[in-house]
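The chain contents come next:
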Amino acid sequence: FLSTPMAILSPVLLAPLSAWFSAHGRRLPWRAEELDAPHPDPYAVLVSEVMLQQTQVATVVPYFLRWMARFPDPSTLARADDDEVHKHWEGLGYYRRARFLKRAAAVIAERGWPEDLRALPGLGPYTAAAVASIAFLRPEPALDGNAFRVLARLLAIQDDPRRHAARLREWLRPALSELGPSRTTQALMELGATLCGPRPACSRCPLAEACEARRLGLADRIPPPSARPRARAAAIWLLALEAEGMWLLLRPAADGLLAGLWRWPTLAVAGDRPPDPPAGPAAPCPIAETRTWKEWSQVYTHLRERVRPAAVRMPVCLPAPPGAAWIPAARLPSLPLGKRDQRLRALLDAAPDSAGDAGTLAGLARRIMDGEP
């Protein structure tokens, strides 16, 4: 399917995309009106492509608009405070993208756009190719999940099309050169996102007449589904400790799943029972009030957490344990938190489901103040 004689056919097979995209392409805030000229704002393309990694367009649009209003150019983003950058990313997930985007902006602000976009921090082959083709009209094939699906069906590739990525890029390159890099790249993505999705709408597809999978009756079976790893299960207490109008939070970590975000302290729940209060002296300070709410499941890519939220108010502040800080209540809304921690922040203003077991929660608070998290 990707033999040398076939390679010259890519401009012919993909030619119907141009008119279809002009008529049916969605109007998105990062898309230029003129697709046959370099994009007027390459930075906007970079921001959109980084945000769109593993995130749907409908989710990205409002984030993109807020981001560009606050960080309209690489220099502004490069100078921004890390907490503010993460706050504007709050809710998009995969927060390392925000950190890489800021580092890339710093490089662009200082040295300009590099010839090889893979030199920018955090840009892999796909994102570099997408920005090159959409922003700079370079015939660099950008293959995301949507493009892989379209090409797999068009060429009847019956195994994982990612195994043929290098050959597909070479097959696609002549079409980009002849039909236009920006127009063709975005049209392929658009077709995969709208008509050629997991359930293909072949009757409305501009490539239907040339599609080998449709001819063979295999469109709904190509590409084959990918096996997903089973999520690991965990159970945690998520605890908000308050004293003298201050809240105890863990400082942002440098790496890991929640890097760059402030977090509430957590303690593992053993099995289905809460941990027993620790033996030894009494808790480090009296407990003035405890509150608990219904538990929920927090799902990440490879982790499913059962979260037990609680709040404990102590009458006096004690020194924060290593890695934590007391934050004034007025500052709490401005801190960047992950979705799990945002949910507890919101619950603090809601009525509790119960007061909880004061003894158990006092023991948990003691363990946190002793630096256990």
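Check the entry above for the structure.
Can you help me understand the nonpolar core in this one?
Soluble globular proteins: nonpolar side chains tend toward being buried together. Ranked by size, the top nonpolar core spans 43 residues in total, and within it Met51, Trp67 and Trp89 carry the most contacts. At eight residues, helix H9 (residues 125-136) tops the list of elements feeding residues into this core. When sequence neighbours within four positions are dropped, the list of residues in contact with Met51 reads Val60, Tyr63, Phe64, Trp67, Trp89, Leu92 and Arg97. Counting residues in hydrophobic clusters, the runner-up holds 35 residues, among them Leu13, Phe21, Phe148 and Cys211.

Honestly, empty space enclosed by the protein in this entry has me stumped. Any pointers?
Under the definition given, this model contains two cavities of 30 Å³ or more. If you add up the space inside the largest cavity, you get close to 130 Å³. Arg153, Cys196, Cys202, Cys205 and Cys211 are the residues nearest the centre of the largest cavity, which is lined by 14 residues in total. Here the lining of the largest cavity gets three residues from one element, more than from any other, and that element is helix H10 (residues 145-154). Considering only residue class, the lining of the largest cavity consists of 13 nonpolar, no polar and one charged. Taken together, Leu14, Leu17, Ser18, Leu179, Arg183, Thr184 and Ala187 make up the full set of residues lining the second largest cavity. Elements with a minimum of two residues in the lining of the second largest cavity: helix H3 (16-24) and helix H12 (181-194). The element that contributes the greatest number of residues to the lining of the second largest cavity is H12, accounting for three residues.

It is not clear to me how unusual backbone geometry should be interpreted in this structure. Could you clarify?
Most of the time, phi is negative for any residue but glycine, and the peptide bond is trans. Looking along the chain, the bond that leaves Ile222 and enters Pro223 is cis, with omega of -10 degrees. With respect to the element layout, Pro223 can be found in the loop between helix H13 (212-216) and strand S1 (232-243). We note that Gln54 has phi near 60 degrees; this positive angle belongs to a residue other than glycine. Relative to the helices and strands, Gln54 resides in the loop between helix H4 (42-51) and helix H5 (57-70). Residue Tyr94 is not a glycine yet carries a positive backbone phi of 45 degrees. Within the secondary structure layout, Tyr94 lies in the loop between helix H7 (82-89) and helix H8 (96-111).

Help me understand H12, please; the structure alone is not making it clear to me.
Residues separated by three or four positions in an α-helix point in the same direction, a consequence of the helix having 3.6 residues per turn. With 14 residues, H12 extends 20 Å between its outermost C-alpha atoms, agreeing within 8% with the 20 Å of an ideal straight helix rising 1.5 Å per residue. Burial within H12 is extensive, with 12 of its 14 residues counted as buried. Taken as a whole, H12 has its buried residues at Pro181, Ser182, Arg183, Thr184, Thr185, Gln186, Ala187, Leu188, Met189, Glu190, Leu191 and Gly192. On its buried face, H12 sits against helix H2 (10-14), H3, H4, H9, H10 and helix H11 (165-179).

I'm lost on the pattern of salt bridges in this one. Help?
Close approach of charged atoms allows side chains with opposite charge to pair. Considering all chains together, one arrives at 20 salt bridges under this definition. For Glu140, the salt bridge identified is with Arg173, shortest N-O distance 3.6 Å. With Glu140 in the loop between H9 and H10 and Arg173 in helix H11, this residue pair connects regions lying 33 residues apart in the sequence. Judged by relative accessible area, which is 33%, Glu140 ranks as partly exposed. Measuring nitrogen to oxygen at the nearest pair gives 3.3 Å for the salt bridge that ties Glu170 to Arg173. Taken together, the residues span about one helical turn, with Glu170 and Arg173 both in helix H11 at a distance of three residues. For Glu170, a relative accessible area of 47% corresponds to the partly exposed category. A single network of salt bridges, built from pairs that share partners, joins Arg26, Arg31 and Glu190.

Quick question: what am I supposed to make of the side chain of Arg340 here?
With respect to the helices and strands, the residue Arg340 is situated in helix H14 (residues 339-347). Of the residues examined, Arg340 reaches a relative accessible area of 6% and is grouped as buried. Here Asp341 takes part through its side chain, which lies 3.2 Å from a polar atom of the side chain of Arg340. In this view, Arg340 contacts Ile236, Leu238, Leu258, Thr266, Trp296, Gln298, Tyr300, Glu305 and Val307; residues no more than four positions away in its chain are not counted.

What is the right way to read the layout of surface pockets from this model?
It is a probe the size of a water molecule, rolled over the atoms, that shows where empty space is left. By volume, the second largest pocket amounts to about 370 Å³. Lining the second largest pocket are 22 residues, and of these Tyr94, Tyr95, Arg96, Arg97 and Phe100 sit closest to its centre. When residues in the lining of the second largest pocket are grouped by element, the largest group, seven residues, is from H8. Partitioned by chemical class, the residues of the lining of the second largest pocket number 12 nonpolar, five polar and five charged.

Help me out: how do you make sense of the packing of H5 against H7 in this one?
Any two packed helices are characterised by how steeply their axes cross, that is the angle between the axes, and by the distance between the axes. Contact pair H5 / H7: the axes reach a minimum separation of 9 Å and the direction vectors enclose 155 degrees. In terms of orientation, H5 lies roughly antiparallel with respect to H7. Between H5, through Tyr63, Arg66, Trp67 and Arg70, and H7, the contact on the second element is made entirely by Glu84, Val85, His88 and Trp89. A class-by-class count of the residues in the contact of H5 with H7 yields four nonpolar, one polar and three charged.

Here is what the cut-offs are and how they apply
- Residues numbered from 1 in each chain as written.
- Predicted model: local features only at pLDDT ≥ 70, side-chain atom pairs only at ≥ 80, totals over all residues.
- Heavy atoms only, no water.
- Core = buried A, V, L, I, M, F, W, Y, C linked by side-chain atoms within 4.5 Å.
- Buried < 20%, exposed > 50% of the residue type's maximum accessible area, 1.4 Å probe, protein only.
- Helix = DSSP H or I, 4+ residues; strand = E, 2+ residues; numbered from the N terminus.
- Contact = heavy atoms within 4.5 Å.
- 1 Å grid on protein atoms, 1.4 Å probe; cavity = no way out; pocket = protein on both sides within 12 Å on 5 of 7 lines; lining within 4 Å.
- Points joined across faces, edges and corners; volume = space filled by probe spheres on them.
- Nonpolar A, V, L, I, M, F, W, Y, C, P; charged D, E, K, R; others polar.
- Expected span 1.5 Å × (residues − 1).
- Salt bridge = Lys/Arg side-chain N within 4 Å of Asp/Glu carboxyl O.
- Polar contact = N/O pair within 3.5 Å; in protein donor to acceptor, adjacent residues only side chain to side chain.
- Axes fitted to C-alpha atoms, helices over the stretch in contact; angles between N-to-C directions.
- Parallel < 35°, antiparallel > 145°, perpendicular 65-115°, else oblique.

Take it as geometry only, folks, not as evidence of what the structure does.
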